[in-house]
Amino acid sequence: MDKKEIIKRLKEIGHNKVKVAIVDIDGVLRGKYMHRDKFISALEGGFGFCSVVFGWDMVDADYANGIKVTGWHTGYGDEEARIDLNTFRTIPWEGDSPFFLADFGKEQGEGLAVCPRSLLRKILAEALGQGYTPMFSQEFEWFNYRETSSGLHEKNFQDLQPITPGMFGYSILRMSENSEFFNDLFDLSEAFGIPLEGLHTETGPGVTEAAIQYSGILEAADRAALFKTAVKEIGNKHGIIPSFMAKQTSTLPGCSGHIHQSLWDSENTQNLFFDGSKDGMSDLMKSYIAGQLHCLPEILPLFAPTINSYKRLVEGAWAPTTLTWGKDNRTTALRVLASGKKATRIEHRVVGSDVNPYLAMAACLASGLYGVKNKLKLEVAPTEGNGYKNLENGVLPSNLMEASNRMKDSAIAEALFGAAFVDHFTKTRDWEWKRFSAEVTDWETKRYFEII
């Protein structure tokens, strides 16, 4: 819809307010209600949104380590935000109230250097300029607990009650026991503009997996970011707290956020990854894979952004640890599905459920295009069997500090995303590491308190 149609629709809906949000560096929605009249005026010239959303961490603590884009040194002024009319949807569990996403930029197409959605739009423009239409989708695994927000804190996040007991993946029985929640997840997500391909229980108490239908990359990232918030809001209606933390406990597998991707032609009619040859993979696809493998250790924090992310990336836990690819191999970093003209794609299995979808998809696309631009050859052989044992091409950095330091000094990262973004993002990851390092954990107390 164009601007006139949007305004007409808003007046027909009858709500006097509109919910508007941007996505911060951690993938958290930050937004507010705007009066309908104020919103309509903002469609013409943008509106001010406080830059502090890129000056503090996920718990609103000010970054005190010299980030440049905002802070006490800038006075935390407003940045001009632009509403993307293509993101218009209504929230079915809030009486169909209207909702829009915005990103930072004084002109359409020009965003604040550290704004994740603006970064993705920039890389998308580069792909389109080369004649490629990126088609993406994301799937998520997460835990569900029969708790409340206040109850979590009262229990100190301990001894939480999952909505189902035991290990029961793909369980029709467990879905039936929570049918109202599952039905709302499926139906309300679609009504909110996030159609799901599938929804089922995963192995683990209270674990669920959803696959979002594929679309153009920007819409795919919008759907993924909004899905995580939608699940939490829908869960709240059922007395359920969902958690997208990558690794809930050392005794259970972690939660993934796998990204599926392919490049199509400019008319979006032909999958350029498909080839009718014996292996079904085009030369373009092979260069794209080569680029992703080459860049991955330089940009890992975009796929594994938290301290907890690296607790998931361990051997034998259904998450990769090596720089590998394989055909339909779930032990490799990149799982290639060469399964026909429409379905040939890459599944990036490093990505966890705690990821910022805009940054992860930007990293997928930028690193793949790096391989295409530099005509990289896929010299790494496909892994057959256990990818954890294939160390020929190297392994992933093992923690956030190691990964962030590597990205900070990476010429590849700077070439892909720009110096300003790399500087800001790696400083936010350094901040996360320092906050963790200053804490005394339960593990330390249990291990050292009495015996040492």
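In this report, we go over the structure that sits alongside the text. What you see is a predicted model, and the numbers here were worked out from it, not measured in a lab. (Residues numbered from 1 in each chain as written. Predicted model: local features only at pLDDT ≥ 70, side-chain atom pairs only at ≥ 80, totals over all residues. Heavy atoms only, no water.)

## Considering the pattern of salt bridges
In step 1: Summed over all chains, the structure comprises 23 salt bridges.
In step 2: Here Arg117 ties to Asp222 by a salt bridge, and the two come within 2.9 Å at their closest N and O atoms. Pair noted here: Arg117 is in helix H3 (residues 116–129) and Asp222 is in helix H7 (residues 217–237), with a separation of 105 residues, a long-range link. Here Arg117 matches Asp222 in class, with each residue buried.
In step 3: Arg349 is the salt-bridge partner of Glu347, the closest N and O atoms lying 3.2 Å from each other. When sorted by exposure, Glu347 lands in the same class as Arg349, which is buried. (Salt bridge = Lys/Arg side-chain N within 4 Å of Asp/Glu carboxyl O. Helix = DSSP H or I, 4+ residues; strand = E, 2+ residues; numbered from the N terminus. Buried < 20%, exposed > 50% of the residue type's maximum accessible area, 1.4 Å probe, protein only.)

## As for the packing of aromatic side chains
In step 1: All told, the structure shown has 20 aromatic pairs when counted by the stated rule.
In step 2: Seen from their ring centres, Tyr63 and Trp431 are 5.8 Å apart, and the 90° between their planes marks the pair as edge-to-face. Taken together, the residues span a long stretch of sequence, with Tyr63 in the loop between strand S3 (47–50) and strand S4 (78–91) and Trp431 in helix H13 (residues 419–437) at a distance of 368 residues.
In step 3: An angle of 80° between the planes, with centres 5.1 Å apart, marks the rings of Trp72 and Tyr76 as edge-to-face.
In step 4: A residue is classified by how much of its surface remains accessible, and Trp72, at 69% relative accessible area, is exposed.
In step 5: A connected cluster of aromatic rings, assembled from ring pairs, spans Phe47, Phe49, Phe54 and Phe104. (Phe/Tyr/Trp six-rings, centres within 6.5 Å; stacked < 30°, edge-to-face > 60°.)

## Observations concerning the nonpolar core
In step 1: Of all hydrophobic cores here, the largest spans 119 residues; its most connected members are Phe303 and Phe417.
In step 2: Setting aside its immediate chain neighbours within four residues, Phe417 contacts Leu119, Ile123, Ile299, Leu302, Ala362, Ala363, Ala366, Met407 and Val422.
In step 3: Counting five residues, the second largest nonpolar core, distinct from the first, contains Phe143, Tyr145, Val207 and Leu252. (Core = buried A, V, L, I, M, F, W, Y, C linked by side-chain atoms within 4.5 Å. Contact = heavy atoms within 4.5 Å.)

## Things to note about H13
In step 1: With 19 residues, H13 should reach 27 Å at 1.5 Å per residue; the first-to-last C-alpha distance of 27 Å fits that figure.
In step 2: Among all positions in H13, only Phe421, Val422, His424, Phe425, Thr426, Lys427, Thr428, Arg429, Asp430, Trp431 and Glu432 are buried.
In step 3: Buried positions along H13 lie against H3, helix H10 (357–373), helix H11 (400–408) and helix H12 (411–417). (Expected span 1.5 Å × (residues − 1).)

## Notes on the pairing of strand S5 (residues 97–104)
In step 1: Of all eight residues in S5, eight are buried, a share of seventy percent or more.
In step 2: Of the two faces of S5, the one carrying Ser97, Phe99, Leu101 and Asp103 and the one carrying Pro98, Phe100, Ala102 and Phe104 are both buried.
In step 3: Pairing of strand S1 (residues 17–23) with S5, which is carried by three bridges, proceeds in the parallel orientation. Bridging across to S5, Lys19 finds its partner in Phe99.
In step 4: Where S4 lies against S5, seven bridges are found, and the strand directions are antiparallel. (Pairing = 2+ DSSP bridges.)

## Examining the sheet that holds S5
Each strand in a sheet pairs with another by means of backbone hydrogen bonds, the pair being arranged parallel or else antiparallel.
In step 1: What the five strands build is an open sheet, ordered S2-S1-S5-S4-S3; its pairing is mixed. Two strands close off the open sheet at either side, each with one partner strand: strand S2 (29–35) and S3. The sheet shows a mean angle of 45° between the axes of neighbouring strands, taken without regard to direction.
In step 2: Strands S1, S2, S3, S4 and S5 of the sheet are contacted by helix H2 (residues 36–45), whose axis makes an angle of about 110° with S2. (Axes fitted to C-alpha atoms, helices over the stretch in contact; angles between N-to-C directions.)

## Quick word on the state of the cysteines
In protein chemistry, a disulfide is the covalent bond that joins the sulfur atoms of two cysteines.
In step 1: Under the counting rule described, the total for this entry stands at zero disulfides.
In step 2: Lacking any disulfide linkage, Cys50 is separated from the closest cysteine sulfur, that of Cys115, by 14 Å.
In step 3: For Cys295, which is in no disulfide, the shortest distance to another cysteine sulfur is to Cys364 and amounts to 11 Å.
In step 4: Relative accessible area serves as the criterion here: at 0%, Cys295 is assigned to the buried category. (Disulfide = S-S within 2.5 Å.)

## Things to note about H11
In step 1: Buried within H11 are the following residues: Leu400, Ala403, Ser404 and Met407. Angular distribution of buried residues about the axis of H11 spans 95°; they occupy a single face of the element.
In step 2: The N-capping residue of H11, defined by a side-chain oxygen 3.1 Å from the backbone nitrogen of Met401, is Asn399. (Arc of directions from axis to C-beta. Polar contact = N/O pair within 3.5 Å; in protein donor to acceptor, adjacent residues only side chain to side chain.)

## Regarding the environment of Asp283
In step 1: Along the chain, Asp283 falls in helix H8 (residues 283–295).
In step 2: The exposure class assigned to Asp283 is exposed, which follows from its relative accessible area of 60%.
In step 3: On a C-alpha basis, the gap between Asp283 and Leu376 in space is 9.8 Å, while along the polypeptide they are 93 residues apart.

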